Amino acid sequence: MGAYINKSLCGVKYYQTGFVRKRINNPPNVECKGLLFTIGGGNARNASLLKKWIQASEKLPKDLYPIKVVCGQLMSEEDKIGIKKIIHEGIIFYDHVKNMDHLMQESRAIVCMGGYNTLVEALSLKKPILSFPTDAYGDQDFQVQRFFERGLLIKGNVNWSVEEIANEMHAQYWNTEDIDIFVNDYDDSNTAKQMYDY
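Residues numbered from 1 in each chain as written. Predicted model: local features only at pLDDT ≥ 70, side-chain atom pairs only at ≥ 80, totals over all residues. Heavy atoms only, no water.

Student: Quick question: what am I supposed to make of the pairing of strand 2 (residues 67-70) here?
Tutor: By the alternation rule, side chains of strand 2 split into Ile 67 and Val 69 and Lys 68 and Val 70, which are all buried. Of the strand pairs in this sheet, strand 1 (residues 35-38) and strand 2 are connected by 4 bridges, and their pairing is parallel. Considered in strand 2, the bridge of Leu 36 is made with Lys 68. Here 4 bridges tie strand 2 to strand 3 (residues 91-94), and the two strands are oriented parallel to one another. Paired with Lys 68 across the bridge in strand 3 is Ile 92. Following the backbone out of strand 2, through helix 3 (residues 77-86) and into the adjacent parallel strand 3, one traces a crossover that is right-handed. (Buried < 20%, exposed > 50% of the residue type's maximum accessible area, 1.4 Å probe, protein only. Helix = DSSP H or I, 4+ residues; strand = E, 2+ residues; numbered from the N terminus. Pairing = 2+ DSSP bridges. Right-handed = clockwise from strand over helix to strand, strands pointing away.)

Below is the structure:
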């Protein structure tokens, strides 16, 4: 938000959400396999969380592979090098991607933070989600909690140990028939209202 708007809202709690630019559908005859790890833009705090997810993935059975790891274009080269050092067999590394639709469509489940667009896109595809909201972004905990209360995702904690994360990654491979969200319009503020009113 611009400096003027920030100043005018000084002391007022507000949330800024994104929008979903188009409806994403699961293409027919595509076998969904493995997990997708995505951390949005990719700052240093997100990089350390991504490292924990990768370490936790070593404890997972091979039927949860391949694991697709997306760093984000804001992640420093130093952090990317650190992540590449801990990558093991069965992980596909992406520096960043411009369009994540196909990665979501091909994945069996999503491990992410709590960004609005990622959550809504994953839910629209009826993907199981393990979400780790961070207090660095005020909207994340709010929206993840809303979806968690409705049984639409598993809410993670950034302070969990590698073992706790691995247990939840395995647990989140649950039945997607419980996700029953149909958002009619994906191009305006009605989308946010429909998702939160669900």
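Student: What am I meant to see in helix 3 here?
Tutor: Of all the residues in helix 3, the buried ones are Asp 79, Lys 80, Gly 82 and Ile 83. Each buried residue of helix 3 sits inside an arc of 160 degrees when the element is viewed along its axis, so together they form one side. Those residues of helix 3 that are exposed and angled more than 90 degrees off the buried face are Glu 77, Glu 78 and Lys 85. (Arc of directions from axis to C-beta.)

Student: Teacher, can you tell me more about the packing of helix 2 (residues 44-57) against helix 3 here?
Tutor: Axis angle and axis distance: for two packed helices, these are the angle between their axes and the distance between the axes, and together they describe the pair. Running from amino to carboxyl end, helix 2 crosses helix 3 at an angle of 5 degrees, the nearest separation of the two axes being 10 Å. As the angle between them shows, helix 2 and helix 3 are arranged roughly parallel. Contact with helix 2, carried on its side by Ala 44, Ala 47, Leu 50, Lys 51, Ile 54 and Gln 55, involves Asp 79, Gly 82, Ile 83 and Ile 86 of helix 3 and no other residues of that element. Taken together, the residues of the contact of helix 2 with helix 3 break down into 6 nonpolar, 2 polar and 2 charged. (Axes fitted to C-alpha atoms, helices over the stretch in contact; angles between N-to-C directions. Parallel < 35°, antiparallel > 145°, perpendicular 65-115°, else oblique. Contact = heavy atoms within 4.5 Å. Nonpolar A, V, L, I, M, F, W, Y, C, P; charged D, E, K, R; others polar.)

Student: In this structure, what is going on with the packing of aromatic side chains? I would like to understand it.
Tutor: Remark: the centre distance and the inter-plane angle together describe each pair of aromatic rings, the angle taken between the planes. Across all of its chains, the model carries 3 aromatic pairs by this definition. Judged by centre distance (5.8 Å) and plane angle (75 degrees), the rings of Phe 37 and Trp 53 are edge-to-face. With Phe 37 in strand 1 and Trp 53 in helix 2, the pair connects residues that are 16 residues apart, well separated along the chain. Trp 53 sits in the buried class, given a relative accessible area of 0%. With a centroid separation of 5.7 Å and 85 degrees between ring planes, the pair formed by Phe 132 and Trp 160 is classed as edge-to-face. On the criterion of sequence distance, the pair formed by Phe 132 in the loop between strand 5 (129-131) and helix 6 (138-149) and Trp 160 in the loop between strand 6 (154-155) and helix 7 (162-171) is long-range, its members being 28 residues apart. For the residue pair Phe 132 and Trp 160, the accessibility class agrees, reading buried in each case. Linked through ring pairs, Phe 37, Trp 53, Phe 132 and Trp 160 together constitute an aromatic cluster. (Phe/Tyr/Trp six-rings, centres within 6.5 Å; stacked < 30°, edge-to-face > 60°.)

Student: How should the nonpolar core be read in this particular structure?
Tutor: Within soluble globular proteins, side chains that are nonpolar tend to cluster in buried spots. Ranked by size, the top nonpolar core spans 30 residues in total, and within it Phe 37, Leu 50, Trp 53, Ile 67, Phe 132 and Met 169 carry the most contacts. For this core, the secondary structure elements donating two or more residues are strand 1, helix 2, strand 2, strand 4 (109-112) and helix 7. Sort the elements by how many residues they give to this core and helix 2 lands first, with 6 residues. The contact partners of Met 169, leaving out residues within four places of it in the chain, are Phe 37, Trp 53, Ala 56, Ser 57, Leu 60, Leu 64, Val 111 and Leu 130. Within the second largest apolar cluster, 17 residues are counted, among which are Leu 36, Met 100, Met 104 and Leu 125. (Core = buried A, V, L, I, M, F, W, Y, C linked by side-chain atoms within 4.5 Å.)

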